[in-house]
Amino acid sequence: MPWSQVTHTFQARSKGCYLVTNDVLKAIESEVRKYKIGMCNLFLQHTSASLCLNENVCREVREDLTMALDHIAPESLPYKHTDEGPDDAC
């Protein structure tokens, strides 16, 4: 069973929820064309970032998610993981 692997680096962004669909599609486009059916596994190699799949009907969805995450894990907590500093985002 053939497989492909692509490495992509996102540009640095400030804290928040971002649409990355077009970035991912552009990065894997040439490889995806080789297949008629398959799976795509995405791995985000960063300690304080994550991927979230959700509908994209309106911008308020991302704003609500950012608000909820700020409530659950505010930057003011005394975190033990501080290798990248208090905020390693731009």
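Here goes a summary of the coordinates provided. All figures in this text were calculated on a predicted structure; none of them were measured in a lab.

**Examining the overall build of the protein**
Counting its secondary structure elements, the protein contains two helices and zero strands. Taken against the 2.2 N^0.38 rule, which gives 12 Å for 90 residues, the C-alpha radius of gyration of the protein at 16 Å runs more than 25% over that of a compact globule. If you line up the protein on its principal axes, its C-alpha atoms span 45 × 35 × 20 Å. Going through the 90 residues of the protein one by one, you find that 3% of them count as buried. Within the structure as shown, the protein displays about 8,400 Å² of accessible surface, and the carbon and sulfur contribution to it stands at 57%. Taking the 9 positively charged and 13 negatively charged side chains of the protein as two groups, their mean positions are separated by 10 Å.

**As for the environment of E63**
Within the secondary structure layout, E63 lies in helix α2 (residues 60-72). On the basis of relative accessibility, which here comes to 40%, the residue E63 falls in the partly exposed class. Sequence separation between E63 and V6 is 57 residues; the distance between their C-alpha atoms is 30 Å.

**Topic: the pattern of salt bridges**
Counted according to the given criterion, the structure contains six salt bridges. One salt bridge in this structure joins R13 and D23, with 2.9 Å as the shortest N-O distance. In this pair, R13 is assigned in the segment before α1 (21-32) and D23 in helix α1, connecting sequence segments 10 residues apart. What makes R13 partly exposed here is its relative accessible area of 24%.

**As for the side chain of R62**
The residue R62 is located in helix α2 in this model. Despite its burial, R62 remains without a salt bridge, the nearest opposite charge being carried by E63 at 7.0 Å. Residues in contact with R62, not counting those within four places in the same chain, are C17, Y18, L19 and N56.

What counts and what doesn't
- Residue positions are counted from 1 within each chain, in the order its sequence is given.
- Only residues with pLDDT of at least 70 are given local features in this predicted model, and only at 80 or more are side-chain atom pairs given and counted; all residues enter the totals for whole chains, interfaces and linings.
- Only hydrogens and water are removed before side-chain values are computed, so all heavy atoms of the structure are retained for them.
- Only runs of H or I of at least four residues qualify as helices and only runs of E of at least two qualify as strands under DSSP, and these elements are numbered from the N terminus.
- With the radius of gyration taken over C-alpha atoms, the globule rule is written as 2.2 Å times the number of residues to the power 0.38.
- Exposure classes here rest on a 1.4 Å probe applied to the protein chains alone. A residue is buried below 20% of its type maximum, exposed above 50%, and partly exposed in between.
- Under the convention used here, a 1.4 Å probe and the Shrake-Rupley method define accessible areas, while residue burial counts only the protein chains that appear.
- Neither His nor the chain ends contribute to the count of charged residues, in which Lys and Arg are positive and Asp and Glu negative.
- Charged side chains are reduced to one point each, which is NZ for Lys, CZ for Arg, CG for Asp and CD for Glu.
- Only one rule defines a salt bridge in this text: a Lys or Arg side-chain nitrogen within 4 Å of an Asp or Glu carboxyl oxygen.
- It only takes one pair of heavy atoms within 4.5 Å for two residues to be counted as in contact.

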